[in-house]
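Each chain is listed here by its residues.
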Amino acid sequence: MRTAYSVQTVRSAERALMARLPEGALMQRAAAGLAAACAELLGRVYGRRVVLLVGSGDNGGDALYAGARLARRGAGVTAVLLASPEKTHAGGLAALVAAGGRPVAGDRGADAVARADLVVDGIVGIGGRGGLRADAVPLADAVERARAAVVAVDLPSGVEAGSGEVRGRAVRADLTVTFGTHKPALLVDPAREYAGSVRLVDIGLRPKLPAEPELEALQHTDVAALLPRPGAASDKYRRGVVGIAAGSARYPGAAVLAVSGALRGGAGAVRYVGPAGDAVLARFPETLVSDRGPKEAGRVQAWVVGPGAGDDASAVGEVLGQDVPVLIDADGLRLADRAAVRARTAPTLLTPHAGEAAALLGVAREEVEAARLASARELADRYGATVLLKGSTTLVADPGGGPVRVNATGTGWLATAGSGDVLSGLAGSLLASGLTARDAGSVAAYLHGLAGRYAADGAPAGAHDVAAAIPDAWRDVLS
Ligand SMILES: NC(=O)C1=CN([C@@H]2O[C@H](COP(=O)(O)OP(=O)(O)OC[C@H]3O[C@@H](n4cnc5c(N)ncnc54)[C@H](O)[C@@H]3O)[C@@H](O)[C@H]2O)[C@@H](O)CC1
Ligand SMILES: [K+]
């Protein structure tokens, strides 16, 4: 499991660790890791031109000490100081000068950046607020124009460390070297896109961090441990039956696609109710098609409702009244009564994309995209339900707090019609197999993302290809 902690938690863990170490020891650990990553990226250090962008805080201190290490190995190091030398990290600046590095004032930074092989962004780290300040913006522009590789110190400067929001200009890095633990911005879009690849440097912080992180990203082994496996005594009913109430005369395909995901999600059987039974059977004869409403369709262990439902609210209402886990997607989100969702005692999983989440929250879509973490949490609390917010990094938030799951297996190719229907079927199937809403949502997002990669393999793929690739993703996780 990859984890990220809030800025406040990182600060208090750092304080606890620093109290037991000689002064400056933590910064030396950080700088050593940073310098090693820079050297690796450069290949050869001797004779290369390194430019440090140095803000007035400890983030700048890290950059200066790392720059001193590179200067001692023969790099030509220029430190662009955003603040006056008196307001710059004193120890770091002295170390850089002693190693032969050259400090210059901020207004000479753009020229230096243009000639650099490597730029180290130490403008601001976890102490930053509200995008880059005006004096740092021309440097960020110069960095974007430059051919140099860009390494961000702890975080790309300008992103909001704790939320992943980017409210203004921020530096775009090829690599971010972060210390002690990931910060939420390194896992959540849009900030994540600014970070490039991320390397975590161990500075000994882990024992001081609490058990519960702010964010969790599942890895293969975590997903493997959660996947349902049939035992010797399993039959189709014990493996779980998932009910799909989806599709309409206008959108029969949504039903077919939701069933296609559900059949690959581990439930023992898929039951379908709705007007698209013929289309479903034509494609998947193993489906149990019922011509009654959800209430009379027979037992299921979980329901999926909403994909392609159009404007028919009756199925949503019937499903919400049943005391089994329910996943609500697409049209169902609009049709579901919030009070009815809140009143449920069995788990509910809502799976909106940013536009649907915005409609439920009564804000603009752009606001949800800018503040994904806060939006997922807010929606979960308003509905008293688990929320899976789709996107290039999918988030899964439980109501009432606790770590939010973040999934990064997705690919841009998944942004294709019907792909969400497949995800809802898959997640519903996992719910029927007995996973919690949080686990079902995050495992489904993980498998769906991997399946998207297999299906696309560098070229466009349709939603039905994604569904067909789920078994490959499943095998990959277990191997
Ligand atoms: N505390 C610790 O034990 C450690 C801290 N480390 C480094 O220290 C950093 C945190 O240092 P600080 O608390 O000094 O804070 P930062 O260095 O992140 O930022 C504070 C400075 O940035 C300026 N600033 C704030 N917002 C800005 C903006 N929007 N645009 C431009 N400048 C802005 C402020 O004036 C302040 O001087 C971490 O990110 C990490 O790089 C590491 O050395 C590891 C150990
Ligand atoms: K930085």
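Residues numbered from 1 in each chain as written. Chains lettered and ligands numbered in written order. Predicted model: local features only at pLDDT ≥ 70, side-chain atom pairs only at ≥ 80, totals over all residues. Heavy atoms only, no water.

The name an unreviewed UniProt entry gives the protein chain is Bifunctional NAD(P)H-hydrate repair enzyme, with Streptomyces griseoviridis as the organism.

What follows concerns the sheet that holds strand β2 (residues 49–54). The parallel open sheet is built from seven strands, whose spatial order is β4-β3-β2-β5-β6-β7-β8. Two strands in the sheet have a free side with no partner beyond their single neighbour: β4 (102–105) and β8 (197–201). Averaged over all pairs of adjacent strands, the angle between strand axes in this sheet comes to 20°, irrespective of strand direction. By the bridge criterion, five bridges tie β2 to strand β5 (residues 118–122) in an arrangement that is parallel. In the strand pairing of β5, V54 is matched with G122. In this fold helix α2 (residues 25–42) packs onto β2, β5, β6 (149–153), β7 (175–179) and β8, with an angle of close to 160° to the strand it touches most, β7. Those strands touched by helix α3 (residues 58–72) are β2, β3 (76–81), β5, β6 and β7, and its axis lies near 160° from that of β2. (Pairing = 2+ DSSP bridges. Helix = DSSP H or I, 4+ residues; strand = E, 2+ residues; numbered from the N terminus. Axes fitted to C-alpha atoms, helices over the stretch in contact; angles between N-to-C directions. Contact = heavy atoms within 4.5 Å.)

For the rest of this paragraph, the subject is the domain arrangement of the protein chain. Examined at the domain level, the protein chain breaks down into domain 1 (2–216) and domain 2 (220–478). Computed over C-alpha atoms only, the centres of domain 1 and domain 2 are separated by 40 Å. Counting from both sides, the interface comprises 16 residues of domain 1 and, opposite them, 17 residues of domain 2. Across the domain 1/domain 2 interface, buried area totals approximately 1300 Å², and carbon plus sulfur atoms make up 49% of it. Linking domain 1 with domain 2 are four salt bridges, by the criterion used here. The partner of E214 in a salt bridge is R377, and the shortest N-O contact between them spans 3.6 Å. (Domains from an automatic or database assignment. Buried area = accessible area lost by both parts, 1.4 Å probe. Salt bridge = Lys/Arg side-chain N within 4 Å of Asp/Glu carboxyl O.)

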